Amino acid sequence: MCGIFAYVGPQDAIKIAIEGLKKLEYRGYDSSGIAGIHEGDIGLCKSVGKIIEMEKEVQKSDLKLDTAITHTRWATHGAPTTINAHPHYDATKSLAVVHNGIVENHETLRQMLKDAGITFVSETDTEVIPQLIAHHYKGNILNAVHETVALLQGSFAIAVVHKDHPEQIIAAAKESPLAIGIGNDEAFIASDTQAFLVHTKDVVFLTNGEVAIVKADGIKVFDATAEEIIKKSEQLAYQAEEISKGHFEHFMLKEIFEQPQIIRNALHDRYIGEYGTAHLDRINFEYNELLNIKRILILACGTSWHAGLIASYMLESKARIPVQVEISSEFRYKNPIVEDDTLAIAISQSGETADTMAAVRELKAKGAKVIGICNVHGSALAREAHGCLFLKAGTEIGVASTKAFISQLVVISLFTLMMARMRHMSKAEGQGFLEALSILPEQVQRVLDKEELIESIAKKYAQYDNFFYLGRHYMYPTCLEGALKLKEISYVNANGYPAGEMKHGPIALIDENCPTVAFCSNKLTYNKLLSNLMEVKARNGKIIAIAEEGSEGLSGIADDIIWVPSTLDELTSIPASVAGQLFAYYVAKERNTEIDQPRNLAKSVTVE
Ligand code: AGP
């Protein structure tokens with residue numbers, strides 16, 4: 001949430017900074033701004049809307065900057081207005097600050113500063129930061145930043161420019177991501193290394209309230225007590241990715257169509273057919289440690305939580321290990337019981353979700369071993385978990401997760417296979433499981449080939465404002481994910497529900513104006529689900545079924561059917577979800593919504 005990019009060096013600071021910021025637009029896109037220093041003067045330009053709007057304002061202005069800090073905002077405190085957009089000045093306009101995170105004690109700090117006669121202009125929590133820095137400034141900007149961050153409660157990543165110190169940017173971070181890229185006589189600061197990867201792979205990550213002086217010719221890092229520390233830079237092993245929509249109208253559609261290849265990537269080099277098992281590098285666990293695991297705790301949010309629910313069904317049934325799945329934002333305030341033989345798995349596409357990272361840190365503090373399932377190299381989860389299974393899905397730009405979810409399911413399937421083969425699963429069953437996994441790319445392609453049919457069904461239902469999404473067993477979390485997709489991008493109310501629970505209350509909502517998307521692929525519960533759908537039909541509810549080829553008994557019940565290839569119950573969430581993604585996409589398209597950057601959302605949720 002919110003992206004920061006800053007530049008100090010000999011190149012055109014405005015151009016480099018805005019280009020870098022655009023790579024962070026997935027983090028928030030309601031307003032943006034730039035500030036910096038030129039010939040001893042401080043300058044600033046901000047605008048509501050996407051970064052392109054701010055860029056136009058900059059072009060219209062005579063802004064010149066030698067050192068630049070930029071920000072793209074996802075509003076928390078204060079509406080998305082130009083005044084509330086970052087950077088924020090102090091009252092004397094001597095310094096400017098960009099901030100990602102939340103200052104939880106901003107009310108107290110604001111009052112203290114107001115009592116000292118300082119006037120505020122915005123409604124943001126952030127504005128206390130420049131005002132506090134100015135309040136503490138006695139000629140030494142580093143000391144003033146140290147004194148300020150010591151007062152901040154909550155999470156922050158900040159970059160600060162001051163007109164008396166034109167050749168440097170001060171950066172600081174606690175619980176919000178901030179990376180410094182060290183170039184050849186230039187330096188970059190960003191919320192995500194991808195933003196400066198085309199310039200340098202030499203990186204220092206700031207954490208734990210560390211503060212850095214960033215200059216073109218080098219950086220100095222200080223810990224939260226203001227002691228200088230030696231932080232060696234890391235060489236990033238991954239490449240900058242080419243980001244383009246290709247011939248697709250939206251990134252989301254492109255990412256949906258990439259999924260056969262994404263499944264191949266996730267499987268590549270990760271299984272041994274001869275032994276019917278998986279081989280997962282970077283897991284960093286000894287065979288004995290994995291064998292001794294008696295309980296698994298899964299933490300995640302949103303779509304990743306849905307993947308975690310599917311993992312719980314699979315791991316319990318195949319590896320016979322009890323699994324508890326928790327929404328990170330709820331879990332972090334529990335006092336978890338962590339036993340020696342508990343393994344924690346954190347699932348996060350971004351590897352940055354604040355709630356998931358807080359839960360991971362709490363578990364590590366209690367001595368738990370953590371495996372991350374993550375898409376982003378260099379993310380907090382990838383760095384802090386004991387082992388990390390990468391999704392290999394490539395950058396996911398669409399705010400609504402599609403290919404990362406499918407890849408999560410593939411990685412979870414491989415992990416389950418490995419754990420199951422160490423325990424009760426026979427080689428023959430393992431080989432059968434692998435065979436089913438290996439044909440998934442073709443099966444998903446067959447779902448994609450039904451694009452036109454799914455589009456026509458979506459058009460038929462696009463004007464309804466309320467949907468039920470039903471499923472049982474593996475199809476229950478799958479229907480939660482399908483409903484989330486529809487809500488996120490089309491702004492339609494979609495209620496994901498376990499089909500067997502309908503009769504305990506929600507069925508009261510069913511009528512001819514509330515269609516049901518029924519995920520029918522699960523063989524174990526198929527007949528039970530048919531009975532639940534009969535109950536819907538008896539109340540005039542329309543039914544769109546996503547069902548496995550060869551399933552019988554649906555034609556008299558469903559109004560429309562999307563047939564998907566048949567696979568094992570453990571894997572059937574994959575083809576079924578792809579059909580659900582296309583349905584949501586085409587409903588949203590028909591409703592003319594902002595599909596890649598839906599209102600109110602951001603790709604990485606780095607605030608609590
Ligand atoms: C997915 O479509 C969502 N935009 C969202 O629910 C997301 O899955 C959630 O915020 C978790 O993100 P993470 O996987 O990066 O931790």
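All values reported here derive from a predicted model rather than from experimental measurement.

K.L.:
Please give an account of the site of the ligand that cites residues and values.
P.N.:
If you check the shell around the ligand, you find 15 residues, and the closest are S304, S348, S350, T353 and E488. Within the backbone of V399, an N or O atom sits 3.0 Å from a nitrogen atom of the ligand. K485 is positioned such that a nitrogen or oxygen atom in its side chain is 3.0 Å from an oxygen atom of the ligand. Here the ligand, which alone exposes 410 Å², has 90% of that area covered by the protein. Among the secondary structure elements, those contributing two or more residues to the shell around the ligand are helix 9 (302-319) and helix 17 (475-490). Of the residues in the shell around the ligand, the class split is five nonpolar, eight polar and two charged.

K.L.:
Please set out helix 18 (residues 526-537) residue by residue, giving values where relevant.
P.N.:
For helix 18, which comprises 12 residues, the first-to-last C-alpha distance of 16 Å matches the rise-based estimate of 16 Å (1.5 Å per residue) to within 8%. Residues of helix 18 that are buried include every one of Y526, L529, L530, N532, L533 and V536, and no others. Around the axis of helix 18, the buried residues are gathered within 165° of arc, so they sit on the same side. Exposed side of helix 18, more than 90 degrees from the buried face: N527 and K528 are the residues found there. Next to the buried residues of helix 18 lie strand 23 (466-471), strand 25 (516-519) and strand 26 (543-548).

K.L.:
Can you lay out the sheet that holds strand 23 for me, pointing to particular residues and giving the numbers?
P.N.:
If you walk across this open sheet you meet the five strands as 24-23-25-26-27, and the pairing is parallel. Only two strands of the sheet have a single partner each, and these edge strands are strand 24 (493-498) and strand 27 (560-564). Neighbour-to-neighbour, the strand axes of the sheet open up by a mean angle of 15°, direction not taken into account. Sheet topology note: the strand 26/strand 27 ladder contains five bridges and is parallel. Looking at the pairing, I544 lines up with D560 of strand 27. The strands touched by helix 19 (residues 573-590) within the sheet are strand 23, strand 25, strand 26 and strand 27, with strand 26 carrying the most contacts at an inclination of about 150°.

K.L.:
Outline the packing of helix 14 (residues 427-438) against helix 15 (residues 440-448), listing residues and values.
P.N.:
Direction vectors running N to C along helix 14 and helix 15 enclose 40°, while the axes themselves pass 5 Å from each other. By the angle between their directions, the pair helix 14 and helix 15 is classed as oblique. Of helix 15, the residues touching helix 14 (which contributes A436, L437 and S438) are L440, P441 and E442. Taken together, the residues of the contact of helix 14 with helix 15 sort by class into four nonpolar, one polar and one charged.

K.L.:
Could you give an account of the environment of M475, with specific residues and numbers?
P.N.:
With respect to the helices, strands and loops of the structure, M475 is situated in helix 17. Note on M475: relative accessible area 0%, which makes it buried. Separated by 98 residues in the primary sequence, M475 and S573 place their C-alpha atoms 6.5 Å from one another. With near-sequence residues (within four places) excluded, M475 lies in contact with F519, C520, S521, N522, T572, S573 and A576.

K.L.:
Please provide a residue-by-residue account of the side chain of Q194, values included.
P.N.:
The residue Q194 is located in the loop between strand 10 (187-190) and strand 11 (202-205) in this model. A relative accessible area of 18% places Q194 in the buried class. With sequence-adjacent residues up to four places away left out, Q194 is seen in contact with K23, Y238, Q239, A240 and E241.

K.L.:
An account of the nonpolar core is needed here, citing residue identities and associated values.
P.N.:
Membership of the largest hydrophobic core comes to 95 residues, with the highest contact counts inside it found for I296, F415, F467, Y469 and F583. In terms of residues, this core owes the most to one element, helix 13 (residues 403-422), which gives 14 residues. In this view, F467 contacts Y461, L486, V492, N493, A494, N495, C514, P515, V517, I544 and F583; residues no more than four positions away in its chain are not counted. Of all hydrophobic cores here, the second largest spans 28 residues; its members include I16, M54, A195 and L197.

K.L.:
Please set out the packing of helix 13 against helix 14 residue by residue, giving values where relevant.
P.N.:
Close contact between helix 13 and helix 14 brings their axes to 10 Å; oriented N to C, the two are set at 175°. Looking at the two axes, helix 13 sits roughly antiparallel to helix 14. Packed against helix 13, whose contacting residues are S413, L414, L417 and R421, the element helix 14 presents K427, G430, F433, L434 and L437 at the interface. Residues that form the contact of helix 13 with helix 14 fall into these classes: five nonpolar, two polar and two charged.

Procedures and definitions
Residues numbered from 1 in each chain as written. Predicted model: local features only at pLDDT ≥ 70, side-chain atom pairs only at ≥ 80, totals over all residues. Heavy atoms only, no water. Near = heavy atom within 4 Å. Polar contact = N/O pair within 3.5 Å; in protein donor to acceptor, adjacent residues only side chain to side chain. Areas by Shrake-Rupley, 256 points an atom, 1.4 Å probe, with all protein chains shown as cover. Helix = DSSP H or I, 4+ residues; strand = E, 2+ residues; numbered from the N terminus. Nonpolar A, V, L, I, M, F, W, Y, C, P; charged D, E, K, R; others polar. Expected span 1.5 Å × (residues − 1). Buried < 20%, exposed > 50% of the residue type's maximum accessible area, 1.4 Å probe, protein only. Arc of directions from axis to C-beta. Contact = heavy atoms within 4.5 Å. Pairing = 2+ DSSP bridges. Axes fitted to C-alpha atoms, helices over the stretch in contact; angles between N-to-C directions. Parallel < 35°, antiparallel > 145°, perpendicular 65-115°, else oblique. Core = buried A, V, L, I, M, F, W, Y, C linked by side-chain atoms within 4.5 Å.

Function cannot be read off these values alone, since they describe shape.
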